[in-house]
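Here is how the chains run, residue by residue.
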Amino acid sequence: MIDLNKIKAIDIHTHAEVSCNDPEDPIMGKFLDAASIYFKADRKRPTIPETIEYYRAQQIAFVMFTVDMESGTGIKRIRNEEIAQFANDNSDIMMAFASIDPHKSKFGAIEARRMIEEYGVKGFKFHPPIQNFHPYDRMAWPIYEVIAEYKLPAIFHTGHSGMGTGMRGGGGIRLKYGQPMMVDDVAVDFPDMKIILAHPSWPWTDESLSMALHKENVYIDLSGWSPKYFPKQVIHYANTQLKHKMLFGSDFPLIKPDKWMDAAKDAGFREDVMPMIMKDNAAKLLGLK
């Protein structure tokens, strides 16, 4: 169990991109090559144990997940069980979210229930552009129903996708599925599922802000961008009406939390809201307090 007194932040958005059990998928390798160029990141990705070591040294708790995009890309996923087992063995610093391709529908719902009941995952991750689905597609409902039943959160990628940027045809990724308003119907029909809209959602930033204002169960994580590039309205609402809805996230390993925090110092966040963004809001959402 995470002791909130021993950590300085909760990073709600980190990726597992290297399996300890399976070799790198060759298709995924092409996406990682392109993403490394786009984010100016190291092509050599850390293993899960290396990530745990890094975050423990930083005194930052973190949520980790993969993205199951087997139907949309043909990429073999990193198994949810692998990530969840590491989280269970390092529960003082790490939490696992599961990712299940929505095209698996009822079969995916069975896996979702198993991941909750047998592995104790704390939430779920969806990436509509790279999973190639409309967030409100009925095929995803059986999975949503399980998440809502257990009142767990789900992260939805929104906005531009660094994955696929610069690749031929964008790597086949359709940016339209990253429009935040496509998740609004999900928030209405599954009010017991806490929805986290990932990233500043550019070029639809105002849609995310509107949804977080309007829907009790909608939050925003601030991952994927350096704070120095945040649209000004994100800073404004983080300082005012949405100060209880904003969550720190880095998008590790493409962006490291220490660099995010350094940039945040000059981004315009009010000093009194930073503890909420960095730790308190996520701790409440994840049931840690």
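Please refer to the structure placed before this passage.
Residues numbered from 1 in each chain as written. Predicted model: local features only at pLDDT ≥ 70, side-chain atom pairs only at ≥ 80, totals over all residues. Heavy atoms only, no water.

Undergrad: Help me out: how do you make sense of the overall build of the chain in this one?
TA: Check the secondary structure of the chain and you find twelve helices and eight strands. What you see for the chain is a C-alpha radius of gyration of 17 Å, in line with the 19 Å of a compact globule of 289 residues. In terms of principal-axis extent, the alpha carbons of the chain reach across some 45 × 40 × 40 Å. Expressed as a percentage of the 289 residues in the chain, the buried residues total 60%. For the chain, long-range pairs separated by at least 24 residues make up 79% of all intrachain contacts whose partners lie at least 6 apart in sequence. Total accessible area on the chain stands at roughly 12400 Å², and carbon and sulfur atoms take up 51% of it. Counting 35 positive and 38 negative side-chain charges, the chain places the centres of these two groups 2 Å from one another. (Helix = DSSP H or I, 4+ residues; strand = E, 2+ residues; numbered from the N terminus. Rg over C-alpha atoms; globule rule 2.2 N^0.38 Å. Buried < 20%, exposed > 50% of the residue type's maximum accessible area, 1.4 Å probe, protein only. Contact = heavy atoms within 4.5 Å. Areas by Shrake-Rupley, 256 points an atom, 1.4 Å probe, with all protein chains shown as cover. Lys, Arg positive; Asp, Glu negative; His and termini not counted. Charge placed at Lys NZ, Arg CZ, Asp CG, Glu CD.)

Undergrad: Just checking my understanding: could you explain the nonpolar core for this structure?
TA: One broad rule of soluble globular proteins: the nonpolar side chains tend to lie buried together. Of all hydrophobic cores here, the largest spans 91 residues; its most connected members are I10, F124, Y144, W260 and F269. Looking at this core, the element that brings in the most residues is helix α12 (residues 274–285), giving seven residues. Setting aside residues no more than four positions away along its own chain, W260 makes contact with L222, W225, P227, F230, F248, G249, I255, M274 and M278. Listed in part, the six residues of the second largest apolar core include V67, I75, M163 and I173. (Core = buried A, V, L, I, M, F, W, Y, C linked by side-chain atoms within 4.5 Å.)

Undergrad: In this structure, what is going on with the sheet that holds strand β3 (residues 94–98)? I would like to understand it.
TA: Through backbone hydrogen bonds, the strands of a sheet pair up, either in parallel or in antiparallel fashion. The parallel open sheet is built from eight strands, whose spatial order is β1-β2-β3-β4-β5-β6-β7-β8. Each edge of the open sheet carries a strand with a single partner, namely β1 (9–15) and β8 (246–247). Summarising the sheet, strand β5 (residues 153–157) and strand β6 (residues 194–198) pair through five bridges and their orientation is parallel. Within β6, the position partnered with P153 by the bridge is K194. Against the sheet, helix α9 (residues 205–214) makes contact with β6, β7 (218–221) and β8, and its axis sits at roughly 140° relative to β7, the strand it touches most. Packed onto the sheet, α12 meets β1, β6, β7 and β8 and runs at close to 80° relative to β1. (Pairing = 2+ DSSP bridges. Axes fitted to C-alpha atoms, helices over the stretch in contact; angles between N-to-C directions.)

Undergrad: I'm lost on the packing of aromatic side chains in this one. Help?
TA: This structure, assessed with the given rule, holds 17 aromatic pairs. Measuring from ring centre to ring centre gives 5.0 Å for F126 and F156, while their planes differ by 25°; the resulting arrangement is stacked. With a gap of 30 residues between them, F126 in strand β4 (residues 123–126) and F156 in strand β5 connect regions that are remote in the sequence. Exposure remark for F156: the relative accessible area of 0% places this residue in the buried category. Ring centres of F230 and F269 lie 6.4 Å apart, and the angle between their planes is 85°; on these two criteria the pair is classed as edge-to-face. Here F269 lies in the loop between α11 (257–264) and α12 and F230 lies in the loop between β7 and α10 (232–239), a separation of 39 residues in the sequence. By the burial criterion, F230 is buried, and F269 matches it. Between K245 and the ring centre of Y219, over which it is positioned, the NZ or CZ distance is 5.3 Å. (Phe/Tyr/Trp six-rings, centres within 6.5 Å; stacked < 30°, edge-to-face > 60°. Lys NZ or Arg CZ within 6 Å of the ring centre and 35° of its normal.)

Undergrad: I would appreciate a short explanation of the packing of helix α2 (residues 48–58) against helix α4 (residues 80–89) in the present structure.
TA: The geometry of a pair of packed helices is captured by two quantities: the angle between their axes and the separation between those axes. One way to put it is that α2 packs onto α4 with a least axis distance of 11 Å and a crossing angle of 35°. By crossing handedness, the relation of α2 to α4 is classed as right-handed. Of the residues in α4, those touching α2 at I48, P49 and I52 are E82, I83 and F86. Residues belonging to the contact of α2 with α4 are distributed by class as follows: five nonpolar, no polar and one charged. (Left-handed = near helix turned anticlockwise from the far one by under 90°. Nonpolar A, V, L, I, M, F, W, Y, C, P; charged D, E, K, R; others polar.)

Undergrad: Help me understand unusual backbone geometry, please; the structure alone is not making it clear to me.
TA: Generally, phi is negative for residues other than glycine and the peptide bonds are trans, each holding for most cases. Here the bond from W202 into P203 is cis, since omega is 10°, no more than 30 degrees from zero. When you line up the elements, P203 lands in the loop between β6 and α9. Cis peptide bonds are those with omega within 30 degrees of zero, and the linkage from F252 to P253 qualifies with 10°. Mapping P253 onto the fold places it in the loop between β8 and α11. One non-glycine residue, H199, lies in positive phi territory at about 80°. Counting through the fold element by element, H199 comes out in the loop between β6 and α9. Phi at S201 is positive, roughly 70°, even though this residue is not glycine. Considering the arrangement of structural elements, one finds S201 in the loop between β6 and α9.

Undergrad: Explanation requested: the pattern of salt bridges in the structure shown.
TA: Between side chains of opposite charge, a pair can form when the charged atoms approach closely. Taken as a whole and assessed by the stated rule, the structure comprises eleven salt bridges. Where K215 meets D184, a salt bridge forms, and the shortest distance between an N and an O atom there is 2.9 Å. Of the two residues, K215 is situated in the loop between α9 and β7 and D184 in helix α8 (residues 184–189); the sequence distance between them amounts to 31 residues. Of the two residues, K215 and D184, neither departs from the other in class, the shared state being buried. (Salt bridge = Lys/Arg side-chain N within 4 Å of Asp/Glu carboxyl O.)

Shape descriptors only; they carry no functional weight alone.
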